[in-house]
2 protein chains.
Amino acid sequence: MSKESSYHHGNLREALLEAGTKLVEEKGVADVSLRAVAKAAGVSHTAPYRHFSDKNAMLRGIAATGFRLLAQRIEEAVELHPGNPELQLSAAGVAYVELAIEHPRLHNLMFGGVLQDDAVDDSLEERSDQAFKGLVGIIALGQQAGVFRRGDTDELALTAWSLVHGFAMLASTGTLDHRAGGQEAKLALAHRVANHLLSGLAKR
Amino acid sequence: MSKESSYHHGNLREALLEAGTKLVEEKGVADVSLRAVAKAAGVSHTAPYRHFSDKNAMLRGIAATGFRLLAQRIEEAVELHPGNPELQLSAAGVAYVELAIEHPRLHNLMFGGVLQDDAVDDSLEERSDQAFKGLVGIIALGQQAGVFRRGDTDELALTAWSLVHGFAMLASTGTLDHRAGGQEAKLALAHRVANHLLSGLAKR
DNA sequence: ACCTGAACACCGTTCAAGT
DNA sequence: ACCTGAACACCGTTCAAGT
């Protein structure tokens, strides 16, 4: 009872994001309406407009929870391997892919290009930029330690990001399904693919 | 006059796909309605149902034109470098990225995960599989010629595909914009990133 | 300050009807 | 065979009104 009444005390925003995230993960962005989210939160269909300017703004809020989760997992993965940039890179990549496999529809909302830019609220861009900077940090450390080749650090980071992002995308859209069935198979495949990046495709 | 009346002679499907592709490229999938496509083709809003079971089926048709275009460009790129797998791989990757840069919203429809599967019409999956087989062919050739390292050919191909796909995704969603502004800058960056994959990230 | 309910323009889909 | 127009349930958004 205190929970329902508390919706009127300032946490309806949270309740909407929670209900929205759940609905997105169940049915995919395309099949989630603002009205359905409002209903799931137990509120009229115009109430969300007190907390979000727009349906798009609400979706951005849901995506933001996904980015928070991603940043958190990557941080944890990196902290597991202090002073070992190669393992840090690998663990960060795996964490990235893992999120895409476990929450494919949320990942799709985050990276599928459904969200409009809106320019005003660029918190999402900031968040993704922050994740990239973490990656750059790992590469820079590895270059200093002499395990990664020299060269433009940002470019090497972007290479790693592209690979992981592409793999995650293929995994979350189901393109990999008939090549690697279960989650473990996909993660194992991700590991081997990551190794190919480290070694390079060209013959030595 | 013969053009409008010809809509009644069997090519309305084509006209819808053409109008639909144009609308998607202009406004993005999320802002294209079946009714608007019908209107743009000069026909009532229920006419499309004679040619597509569904809005999703129409979108799949539009995506298919994109996949045809992609396959065509990759084929051309490969034929430009007979007997040179390294250049073939690079050219195919550039063609892939180029399409994403030139037609970001179409690319987003093709790979953004908006399309439902529907199982019955898996022509899209076939088409993407076909493109992948072309890639595998290039890698296999390069392994025989001794320019690519030995190992599971499918895995090496998947590595290259992931990288290119991820880069294209980042390019088409605008994530790369504040790192590489124009199209040429992006393509140049794509080249350097592709080279990092060939050489590998690890120090030799 | 925060939420509701009616209203508006638009949407995807179905169906009887027209040629 | 191919297309139309009315109809239905649903949607995003606005706005006056309630507490």
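Here goes a summary of the coordinates provided. Only a predicted model underlies this, so the values are computations on that prediction, with no experimental measurement involved.

Conventions used here
Residues numbered from 1 in each chain as written. Chains lettered and ligands numbered in written order. Predicted model: local features only at pLDDT ≥ 70, side-chain atom pairs only at ≥ 80, totals over all residues. Heavy atoms only, no water. Helix = DSSP H or I, 4+ residues; strand = E, 2+ residues; numbered from the N terminus. Buried < 20%, exposed > 50% of the residue type's maximum accessible area, 1.4 Å probe, protein only. Contact = heavy atoms within 4.5 Å. Lys, Arg positive; Asp, Glu negative; His and termini not counted. Charge placed at Lys NZ, Arg CZ, Asp CG, Glu CD. Buried area = accessible area lost by both parts, 1.4 Å probe. Salt bridge = Lys/Arg side-chain N within 4 Å of Asp/Glu carboxyl O. Polar contact = N/O pair within 3.5 Å; in protein donor to acceptor, adjacent residues only side chain to side chain. Least-squares fit on C-alpha atoms with pLDDT ≥ 70 in both. 1 Å grid on protein atoms, 1.4 Å probe; cavity = no way out; pocket = protein on both sides within 12 Å on 5 of 7 lines; lining within 4 Å. Points joined across faces, edges and corners; volume = space filled by probe spheres on them. Nonpolar A, V, L, I, M, F, W, Y, C, P; charged D, E, K, R; others polar. Expected span 1.5 Å × (residues − 1). Core = buried A, V, L, I, M, F, W, Y, C linked by side-chain atoms within 4.5 Å.

**Details of the overall build of chain A**
Summing up its helical and strand segments, chain A has nine helices and zero strands in all. Along chain A, from the amino end to the carboxyl end, the secondary structure elements read α-α-α-α-α-α-α-α-α. Overall, chain A is about 65 × 35 × 30 Å in size when its C-alpha atoms are taken along their principal axes. Counting all 204 residues of chain A, 49% fall into the buried class. Put simply, 64% of the contacts in chain A that link residues at least 6 apart link residues at least 24 apart. On chain A, the mean spot of the 21 positive side-chain charges and the mean spot of the 25 negative ones are 5 Å from each other.

**Brief notes about the interface of chain A and chain B**
Listed per partner, the contact involves 46 residues of chain A and 46 residues of chain B. Here chain A meets chain B over a buried area of about 4400 Å², counting both sides, of which 59% is carbon and sulfur. The largest contributions to the chain A side of the interface with chain B come from Arg149(A), Glu155(A) and Leu201(A), which together make up 17% of the buried area. In this assembly, chain A and chain B are joined by two salt bridges. A salt bridge links Arg192(A) to Glu155(B); its shortest N-O distance comes to 2.7 Å. Taken together, the links from chain A to chain B amount to twelve residue pairs in polar contact (both at pLDDT 80 or more). At the level of secondary structure, the elements contributing two or more residues to the side of chain A that touches chain B comprise helix 6 (104-111), helix 7 (123-145), helix 8 (153-172) and helix 9 (183-199) of chain A. The biggest single contributor to the side of chain A that touches chain B is helix 8 of chain A, with 14 residues.

**What to know about the relation of the copies chain A and chain B**
Superposition of chain A onto chain B requires a rotation of 180 degrees combined with a translation of 0.0 Å along the rotation axis, giving an RMSD of 0.0 Å. In the structure described here, the two chain copies are related by an operation that fits a two-fold rotation axis. Same-surface contact between copies: 100% of interface residues of chain A are shared with the interface of chain B.

**Here's the deal with the layout of surface pockets**
All names here are of chain A. Taken as a whole, the second largest pocket spans an internal volume of roughly 740 Å³. Lining the second largest pocket we find 39 residues, and of these Ile74, Ala92, Gly93, Leu135 and Ile138 sit closest to its centre. Of all the secondary-structure elements, those providing two or more residues to the lining of the second largest pocket are helix 4 (55-79), helix 5 (85-102), helix 7, helix 8 and helix 9. Looking at the lining of the second largest pocket element by element, the count peaks at nine residues for helix 5. Looking at the lining of the second largest pocket, its residues break down into 27 nonpolar, eight polar and four charged.

**A few points about helix 5 of chain A**
Counted at 1.5 Å a residue, the expected span for helix 5 of chain A with its 18 residues is 26 Å, and the 25 Å between its end C-alpha atoms agrees. Counting buried positions along helix 5 of chain A yields 13 of 18 residues, so the element is predominantly enclosed.

**Here we look at the environment of Ala64(A)**
Residue and element names in this part refer to chain A. Position of Ala64 among the secondary structure elements: in helix 4. Note: C-alpha distance between Ala64 and Leu124 (60 residues apart in sequence) is 6.5 Å. Not counting residues up to four positions away in its chain, the partners in contact with Ala64 are Leu124 and Arg127.

**Observations regarding the nonpolar core**
Ranked by size, the top nonpolar core spans 134 residues in total, and within it Leu89(A), Leu109(A), Leu158(A), Leu89(B), Leu109(B) and Leu158(B) carry the most contacts. Sequence-distant contacts of Leu158(B), defined by excluding residues within four places in its chain, comprise Phe167(A), Leu170(A), Leu176(A), Leu189(A), Val193(A) and Phe132(B).

**Here's the deal with empty space enclosed by the protein**
Taking a probe equal in size to a water molecule and rolling it over the atoms shows the remaining empty space. All names here are of chain B. For the coordinates displayed, the defined rule picks out one cavity of 30 Å³ or more. Each pocket or cavity is described by its volume, and for the largest cavity that value is around 40 Å³. Counting only elements with at least two residues in the lining of the largest cavity, the list comes to helix 4 (55-79) and helix 7 (123-145).

**What to know about the side chain of His196(B)**
Within the secondary structure, His196(B) is located in helix 9 (residues 183-199). Contact partners of His196(B), with chain neighbours within four places excluded, come to Glu155(A), Leu156(A), Thr159(A) and Leu201(B).

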